[in-house]
Amino acid sequence: MTRLNKVLVTATNYSTLCAEAKRLLEEGGCEIIENRVGRPHTFEELVPLVSDIDGVIAGVDTWDEAVFKLAPNLKAIARFGVGVDNIDLAKAREYGIQVTNVPGGNANAVAELAVGLILSMIRNIPALHQSARRGYWDRYVGEEIQGKTVGLLGFGNIAQMTAKKLQGFDVKLIAYDKYPNADKAKEYGVELVSSDDVLKRSDVVSMHLPSLKETYHMMSDEQFSMMKKTAFFVNTARGALVDEKALHRALQTRSIAGAAIDVYEQEPVSADNPLFQLDNLISTPHTAAETVETYRRVGLVTAQALLDVFAGKEPANLLR
């Protein structure tokens, strides 16, 4: 009897939101082991799961040499999303593990949340929601986004979609990117500037850079001090881009007006994170890509990538 390829899925809600992808894998001769903890796995939780797996559809758990040593059959990791900073690509290559991702697969979902967080900050929507539920009638005087300058740090797929959506709000759009797409900037009415200009000129700064060695803690005390005291900061990219202690200082001293973050330096984030004690912070639990549409789209792409590897074919979006 032919052995089934074992696929560990650490992305959440797989049976519910990726039914087509799951069926594709099962029809392709795979046995699926789903995430039962409802969040990223710790190393200790991965240990008993990886000894005989052939493939992984990975969320944001850490995949490094310590895990690879315990998974001698592992042939491929299909990242359920775009960012692969949680996967040691160099070590994966050493162990003969192919890694893929889904560029652009969650761009619309993340862009929509970024816009939602911007509006939530400047109108203080979460606090007013809680106030109304307690029977209070607070009259918070917010601001309008019209006429404001929104600066994008990074101008890849997600930032471009964010810019496209913000066009209808009559804002001034500026962006920084190391390798800027001038055509897209022109299409969406975005002025390409330096990173310092984004920080100094913007009323809202939205982070969209990848997490790399050179972007680690890109937002530190120095960068926050460049921002207007009336400005807001949004991060739907990666937690490692921001020095959380510096962000805490900027918010606590009101060096900036507020922040909204979906990502953290340590995930899952702890309830005792000092940022959560501040009243000018809005937080969500790394949920920007969590939409029905994204799950279906990314689910199918990642499932096909694993099936291609198992069949000896080169998968789409292979990271070399």
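To keep things clear, this report deals only with the structure shown in the data block. These numbers come from a predicted model, not from an experiment.

**Points about the sheet that holds strand S7 (residues 172-176)**
The seven strands are arranged S8-S7-S6-S9-S10-S11-S12 in an open sheet whose pairing can be described as parallel. Pairing within the sheet leaves two strands with one partner each, and these edge strands are strand S8 (190-192) and strand S12 (281-283). Ignoring strand direction, the axes of neighbouring strands in this sheet form an average angle of 20°. Relative to strand S11 (residues 258-261), strand S10 (residues 232-235) runs parallel, the two being bridged by four bridges. If you follow Asn 235 over to S11, its bridge partner there is Ile 261. Relative to S11, helix H12 (residues 244-252) is tilted by about 145°, and along the sheet it contacts S10, S11 and S12.

**Topic: unusual backbone geometry**
Look at the link from Glu 267 to Pro 268: it is a cis peptide, with omega at -5°. You can see Pro 268 is positioned in the loop between S11 and S12. Despite not being glycine, Asn 13 shows a phi value in the positive range, around 60°. Considering the arrangement of structural elements, one finds Asn 13 in the loop between strand S1 (5-9) and helix H1 (14-17). The phi dihedral of His 286 is positive, around 50°, even though this residue is not glycine. Note that His 286 resides in the loop between S12 and helix H13 (292-310).

Conventions we followed
- Residues numbered from 1 in each chain as written.
- Predicted model: local features only at pLDDT ≥ 70, side-chain atom pairs only at ≥ 80, totals over all residues.
- Heavy atoms only, no water.
- Pairing = 2+ DSSP bridges.
- Helix = DSSP H or I, 4+ residues; strand = E, 2+ residues; numbered from the N terminus.
- Axes fitted to C-alpha atoms, helices over the stretch in contact; angles between N-to-C directions.
- Contact = heavy atoms within 4.5 Å.

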